[in-house]
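Structural features, examined
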Amino acid sequence: MPRMPFTASATHTALMDHHARACQWRMADLFAQDPLRAQAFSLEAAGLFLDYSKNRIDRTTVALLVALARECGVAQQRDAMFAGARINTTENRAVLHTALRAPRGHTLRLDGRDINADVHAVLDQMRLFSDQVRTGAWRGCQGQAMTDIVNIGIGGSDLGPKMACQALRPYGHPRLTSHFISNADGNDLAALLPRLNPATTLFIIASKTFTTAETMMNAQTARTWFLRQHPHTGDLKKHFVAVSTNTPAVQAFGIAPENMFPFWDWVGGRYSLWSAIGLSIMLAIGFDHFAQLLAGAHALDRHFQEAPLERNLPVLLALIGIWNRNYFQDASLSIAPYHQDLKYFPAYLQQLEMESNGKQVACDGTPLAAPACPVIWGNVGTNGQHAYFQLLHQGADVVPVDFITALQPAHDLPGHHTALLANCFAQSEALMLGKNAGQASAEMQAEGNSAPAIAALLPHKLFPGNRPSNTLLLETLSPARLGALIALYEHKTFVQGVIWGINSFDQWGVELGKVLAKQIHAELAGAAVSNQHDSSTHGLIARARAATLQEKALPDGASRSRSSISP
Ligand SMILES: O=P(O)(O)OC[C@H]1O[C@](O)(CO)[C@@H](O)[C@@H]1O
């Protein structure tokens, strides 16, 4: 049934009026007026503490936003998703990544199948395999234990596992090093292969479709490289496994059926790290820690399903985002993890949020009445402070920030963690408070500056402040807390998609470029160049073809420094 755009609701009109008033507020004043403000606008669930008090909100704002969520049917859509309804309408698929972290015995049938049994059968298969590799019982073609795991995949078949392996590196196995190859650019694989011993390397070819061009190219290159050194094709089964929904394509590639770890079309790529796509994570941290990751996500799922909307962590995070995006018109959201091990989290969220909600039509194909997903970007916090935080503090655009940190460090180096937390908390305070002319000139006077110097410098020393942020605290970056954190953002993305009226589970926007790349690839390889290209693209193709011809004309070995490892 077509859903009403949120902008047509009575609550939206009330929110517009309320926003006109909120534009006059200074958060610093709101804090001064209400000593309980931080308490009123914070919440803890599944081991995650969210302080959202440094936003341009009051109690009425939250009440209106929650009413908007109700009117948009967030609870009904959530229940439909968990129950296995085909809410991915353009692909006619259920959306059941939550079923991947449900405990054994949880009842859920889809098209007559007990999918809990299917999920746990694959988890058992993954456990058996990862235990063998980790204990050294899994031997390579020369009888040695594995030392290197190379995950070849892209998008959801790369970003989630890579992010989680980095986040949980203190839990890593001492003998095993994880590598992630995603880019079609040969520089990625070319830099790695010479560092590997094929006899102790395990390649995981991770691709839901098993047709993704970048992954297939990298997989073929890895296979050729391996066979050059160990020409027995029978040895491949000790060194190549696949994770996919496409059994025929995996078999056609030459991967043994017993080396394939399946998953299902009801798992979206960007929601797949909980499935067999997480094999590289399980190999790195072991089954028990992987189970804790799933359990942490499941705890957040339960909270999302059971908590009232006004005390519901993902719902509130989503609503604050809607407030910033659709009322204050903030076009981007910066993610600032104050934890080095979360360095890939912003990139992971880019796919999660922007591939899910970076759209301009509603589920029924009608144009959205209001813009949806903001641009998601960011980097680890203290590094960002010395790069782009200048813009966050004094730039013309207001950029809301999500600060994420852990109260306990995963190391024992003295002093570092206190400094890290101090920086994290100082940034959100500075963004919110800002600095006015009176404060800035008093400071400069105290430093002994002359009146003309103060007048000249004053405009540069002002901070507008009133810049919004959320702060998320974890006790430690453990597997369970990481699981909850990821699930929090998954459900935030879902709730926002419901309010915007979007199908958050398709990604048609990636197709056009793929099709054109195929054609241009053929043209670069020598096929006649179409006269349908614009003059810019035509010119670029001509230059690339000329460069290839020139390269071919060079004497052997002169063109590439890495010729020894090219396939
Ligand atoms: O796992 P696959 O099928 O190789 O897809 C990789 C990625 O490519 C995309 O389909 C986008 O092209 C993503 O949605 C997906 O995560």
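The structure presented is a predicted model; accordingly, all values stated were derived computationally and were not measured.

Right, let's get into the overall build of the protein. Counting its regular elements, the protein contains 23 helices and 13 strands. For 567 residues, the compact-globule estimate of 2.2 N^0.38 gives 24 Å, and the protein sits close to it at 26 Å. When its C-alpha atoms are laid out on the principal axes, the protein stretches across 75 × 65 × 60 Å. Within the protein, buried positions represent 51% of all 567 residues. In the protein, of all internal contacts separated by at least 6 residues, the share reaching a separation of at least 24 is 74%. If you sum the accessible surface of the protein, you get close to 24800 Å²; carbon and sulfur atoms cover 55% of it.

The subject of this paragraph is helix α18 (residues 416-433). Here α18 is 18 residues long and its end C-alpha atoms lie 26 Å apart, about the 26 Å a rise of 1.5 Å per residue gives. Taken together, the buried positions of α18 are occupied by H417, L420, L421, C424, Q427, S428, L431 and M432. Projected down its long axis, α18 shows its buried positions confined to an angular sector of 130°, all on one face. Turning to α18, the residues buried within the fold contact α2 (27-33), β10 (332-338), α16 (381-385), α17 (389-394), β12 (401-406) and β13 (469-474). In the stretch just after α18, G434 is the one whose phi turns positive, near 65°.

The buried count for strand β5 (residues 148-152) comes to 5 of 5 residues, which makes it a mostly enclosed element. Both faces of β5 are covered, namely the face carrying D148, V150 and I152 and the face carrying I149 and N151. Judged from the 5 bridges that link them, β5 and strand β6 (residues 177-181) form a sheet pairing that is parallel. Within β6, the position partnered with V150 by the bridge is H179. What joins β5 to β6 is helix α7 (residues 159-167), and the crossover it makes is right-handed. As paired elements, β5 and strand β7 (residues 201-206) share 5 bridges and run parallel to each other.

With that settled, the discussion passes to the site of the ligand. Looking at the ligand, there are 14 residues lining it, with S157, S207, K208, T209 and T212 nearest. Note that an oxygen atom of the ligand is positioned 2.7 Å from one of the backbone N or O atoms of G156. The fraction of the free accessible surface of the ligand (390 Å²) that becomes covered by protein chains is 88%. Composition of the shell around the ligand by domain shows at least three residues from each of domain 1 (6-91 + 307-433 + 467-508) and domain 2 (100-291).

To continue, consider the packing of helix α6 (residues 115-135) against helix α13 (residues 287-306). Where α6 meets α13, the axes come as close as 10 Å, and the angle between the chain directions of the two elements is 150°. Taken together, the residues of α13 that come into contact with α6 (itself represented by L123, M126 and R127) are F287, D288, F290 and L294. Across the contact of α6 with α13, the residue classes break down as 5 nonpolar, no polar and 2 charged.

In helix packing, the relevant descriptors are the interaxial angle and the interaxial distance, both defined with respect to the helix axes. At a minimum axis distance of 10 Å, the contact between helix α15 (residues 345-357) and helix α21 (residues 479-500) shows a crossing angle of 25°. With respect to α21, the element α15 is oriented roughly parallel. Here the hand of the crossing between α15 and α21 comes out right-handed. Contacts between α15 and α21 involve F345, Y348, L349, L352, E353, S356 and N357 from the former and L485, I486, Y489, E490, K492, T493, Q496, G497 and W500 from the latter.

A few words now on the sheet that holds β7. Judged by pairing direction, the sheet is parallel, and its 5 strands sit side by side in the order β6-β5-β7-β8-β9 without closing on themselves. In this open sheet, the two edge strands, each paired with only one partner strand, are β6 and β9 (260-262). Across the sheet, the mean angle separating the axes of adjacent strands is 20° when strand polarity is ignored. Across the sheet, α6 lies against β5, β7, β8 (240-244) and β9, angled at about 145° from β9, the strand it touches most.

What follows concerns the UniProt feature "active site" (unreviewed entry) in the protein. Cross-referencing UniProt, the feature "active site" (unreviewed entry) maps to E355, H386 and K514 in the present numbering. What stands out for the annotated residues spanning 160 residues is how far apart their C-alpha atoms range, the widest pair being 36.6 Å apart. With a relative accessible area of 22%, E355 lands in the partly exposed category. Here E355 is in contact with R270, Q350, D506, Q507 and V510, once residues within four sequence places are set aside. Note on placement: H386 falls in the loop between α16 and α17. You can call H386 exposed: its relative accessible area is 71%.

Okay, the pattern of salt bridges next. In total, this model carries 19 salt bridges according to the counting rule given. Residues K514 and E511 are paired through a salt bridge, measuring 3.7 Å at the closest nitrogen-oxygen approach. Linking K514 with E511, this pair stays in helix α22 (residues 511-524), spanning 3 residues, or about one helical turn. By relative accessible area, E511 is classed as partly exposed at 33%. Shared partners join several salt bridges into a network, and the residues in it are E91, R93 and D265.

Residues W266, F345, L482 and I499 are the most contacted members of the largest nonpolar core, which totals 119 residues. Sorting elements by how many residues they give to this core places α21 first, with 12 residues. Not counting residues up to four positions away in its chain, the partners in contact with F345 are M163, I335, P337, I404, L485, I486 and Y489. Formed by 23 residues, the second largest nonpolar core is a distinct cluster that contains I181, L196, M216 and A219.

Rules behind the numbers
- Residues numbered from 1 in each chain as written.
- Predicted model: local features only at pLDDT ≥ 70, side-chain atom pairs only at ≥ 80, totals over all residues.
- Heavy atoms only, no water.
- Helix = DSSP H or I, 4+ residues; strand = E, 2+ residues; numbered from the N terminus.
- Rg over C-alpha atoms; globule rule 2.2 N^0.38 Å.
- Buried < 20%, exposed > 50% of the residue type's maximum accessible area, 1.4 Å probe, protein only.
- Contact = heavy atoms within 4.5 Å.
- Areas by Shrake-Rupley, 256 points an atom, 1.4 Å probe, with all protein chains shown as cover.
- Expected span 1.5 Å × (residues − 1).
- Arc of directions from axis to C-beta.
- Pairing = 2+ DSSP bridges.
- Right-handed = clockwise from strand over helix to strand, strands pointing away.
- Near = heavy atom within 4 Å.
- Polar contact = N/O pair within 3.5 Å; in protein donor to acceptor, adjacent residues only side chain to side chain.
- Domains from an automatic or database assignment.
- Axes fitted to C-alpha atoms, helices over the stretch in contact; angles between N-to-C directions.
- Nonpolar A, V, L, I, M, F, W, Y, C, P; charged D, E, K, R; others polar.
- Parallel < 35°, antiparallel > 145°, perpendicular 65-115°, else oblique.
- Left-handed = near helix turned anticlockwise from the far one by under 90°.
- UniProt positions renumbered as here; feature names shortened; annotations may be inferred.
- Salt bridge = Lys/Arg side-chain N within 4 Å of Asp/Glu carboxyl O.
- Core = buried A, V, L, I, M, F, W, Y, C linked by side-chain atoms within 4.5 Å.

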